[in-house]
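Architecture and fold: a report
Residue-level listing of the chains:
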Amino acid sequence: RRVQQLSSAIAARMKERGVYDDELTPQLVDMIGLASILHDVGKVATPDHILLKPGAHTEEERALMQTHAAVGRSVLERAANMVDGVSYLTYGAEIAGGHHEHWDGGGYPNQLKGKQIPLSARIVAVVDVFDSLLHERPYKEPWPYPEVMTYIRDRSGTQFDPEVVDALVAAGATSPRPGSAI
């Protein structure tokens, strides 16, 4: 729910600011929240002993973990093709396949760069890292909020689309509050 709410808030803020009007369609704004919760669906193909490992992954384990982006895209593309028109599954496939791509081309699985990465995936990339760092995971403790924001800001223009980072800040990601999206 946190990823869903924050993805929707960022898209709405970007729309208000007139950012990427050609990409940020009313349909995307409407569907990104629901689609965003599917971003890691490809992890169903990752064995639990790797997915839930409390320590660092080996190179082989990391390579296997990274396949979740392509697996998720493939699964969701097949599902999207079973319905007419563009649906949240269409955006879910974009997000699943692109949320680990980096603005500078250094991500995976396809080393896409800049606007080659679908906007839906660029938004969820920021939200996913923000949420992952801020909350406990089997392999790490939660980071303090100021460190999370410093990490995100430091990667604006390299890992993350600068406009999405600006929208995260503008959407009110100033401090975590109980029951809030952040």
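A short tour of the structure in this document, coming up. (Residues numbered from 1 in each chain as written. Predicted model: local features only at pLDDT ≥ 70, side-chain atom pairs only at ≥ 80, totals over all residues. Heavy atoms only, no water.)

1. Let's talk about the overall build of the protein
The number of helices and strands found in the protein is 8 helices and 0 strands. Starting at the N terminus and ending at the C terminus, the protein contains elements arranged as α-α-α-α-α-α-α-α. Scaling as 2.2 N^0.38, a compact globule of 182 residues should have a C-alpha radius of gyration of about 16 Å, and the protein matches this with 16 Å. Its C-alpha atoms put the protein at 45 × 45 × 30 Å along the principal axes. Sequence separation of at least 24 residues holds for 62% of the intrachain contacts in the protein that already meet a minimum separation of 6. In the structure as shown, the protein presents an accessible area of about 9000 Å², 54% of it carried by carbon and sulfur atoms. (Helix = DSSP H or I, 4+ residues; strand = E, 2+ residues; numbered from the N terminus. Rg over C-alpha atoms; globule rule 2.2 N^0.38 Å. Contact = heavy atoms within 4.5 Å. Areas by Shrake-Rupley, 256 points an atom, 1.4 Å probe, with all protein chains shown as cover.)

2. Quick notes on helix H7 (residues 145–154)
By the burial criterion, the buried members of H7 are Tyr145, Val148, Met149 and Ile152. Looking straight down H7, one finds that the buried residues subtend no more than 95° of arc, so they occupy a single side. Away from its buried face by more than 90 degrees, H7 exposes Pro146 and Asp154. Against the buried residues of H7 lie helix H6 (119–134) and helix H8 (162–170). (Buried < 20%, exposed > 50% of the residue type's maximum accessible area, 1.4 Å probe, protein only. Arc of directions from axis to C-beta.)

3. Description of a nonpolar patch on the surface
Together, Leu34, Ile37 and Tyr88 line one region of the surface with nonpolar side chains, adding up to about 250 Å² of accessible area. In this fold, Ile37 is placed in the loop between helix H2 (26–36) and helix H3 (48–51). Since its relative accessible area comes to 43%, Ile37 is described here as partly exposed. (Patch = residues over 30% accessible without salt bridge, like charges linked within 9 Å, V, L, I, M, F, W, Y side chains within 5 Å. Salt bridge = Lys/Arg side-chain N within 4 Å of Asp/Glu carboxyl O.)

4. Examining the pattern of salt bridges
Taken as a whole and assessed by the stated rule, the structure comprises 11 salt bridges. In this structure, Glu16 engages Arg13 in a salt bridge whose closest nitrogen and oxygen atoms are separated by 3.3 Å. Here Glu16 pairs with Arg13, and both are found in helix H1 (residues 2–17), just 3 residues apart, close to one helical turn. When its relative accessible area of 60% is taken as the criterion, Glu16 is described as exposed. The partner of Asp161 in a salt bridge is Arg122, and the shortest N-O contact between them spans 2.8 Å.

5. As for the nonpolar core
The biggest cluster of nonpolar side chains holds 34 residues, and the ones touching the most others in it are Ile10, Met14, Leu119, Ile123, Phe130, Ile152 and Leu168. Counting residues per element, the ones that place at least two in this core are H1, H2, helix H5 (88–98), H6, H7 and H8. Per element, the largest residue contribution to this core is 10 residues, and it comes from H6. By size, the runner-up hydrophobic cluster in this structure holds 6 residues, among which are Leu38, Leu76, Ala80 and Ala93. (Core = buried A, V, L, I, M, F, W, Y, C linked by side-chain atoms within 4.5 Å.)

6. Things to note about the environment of Gly97
Note on placement: Gly97 falls in helix H5. Taking the C-alpha atoms as reference, Gly97 lies 9.6 Å from Thr67; in sequence the two are 30 residues apart. Those residues within four positions of Gly97 in sequence are excluded, and the remaining contacts are Ala69, Arg73 and Pro109.

7. Overview of H1
The terminal C-alpha atoms of H1 lie 22 Å apart, and with 16 residues this matches the ideal 22 Å at 1.5 Å per residue to within 8%. Turning to H1, its buried residues are Val3, Gln4, Leu6, Ser7, Ile10, Ala11 and Met14. Against H2, H6 and H8 lie the buried residues of H1. Looking one or two residues past H1, Gly18 carries a phi angle of roughly 75°, positive in sign. (Expected span 1.5 Å × (residues − 1).)

8. Considerations on the packing of aromatic side chains
Scanning the model with the defined rule gives 2 aromatic pairs in all. Relative to Tyr145, the ring of Phe130 has its centre 6.3 Å away and its plane inclined at 85°; by these criteria the two rings are edge-to-face. Highlighted residues: Phe130 in helix H6 and Tyr145 in helix H7, separated in sequence by 15 residues. Taken together, a centroid distance of 5.4 Å and an interplanar angle of 90° make the contact between Trp143 and Tyr151 edge-to-face. Taking the ring centre of Tyr20 as reference, the NZ or CZ of Arg122 above it sits at 4.8 Å. (Phe/Tyr/Trp six-rings, centres within 6.5 Å; stacked < 30°, edge-to-face > 60°. Lys NZ or Arg CZ within 6 Å of the ring centre and 35° of its normal.)

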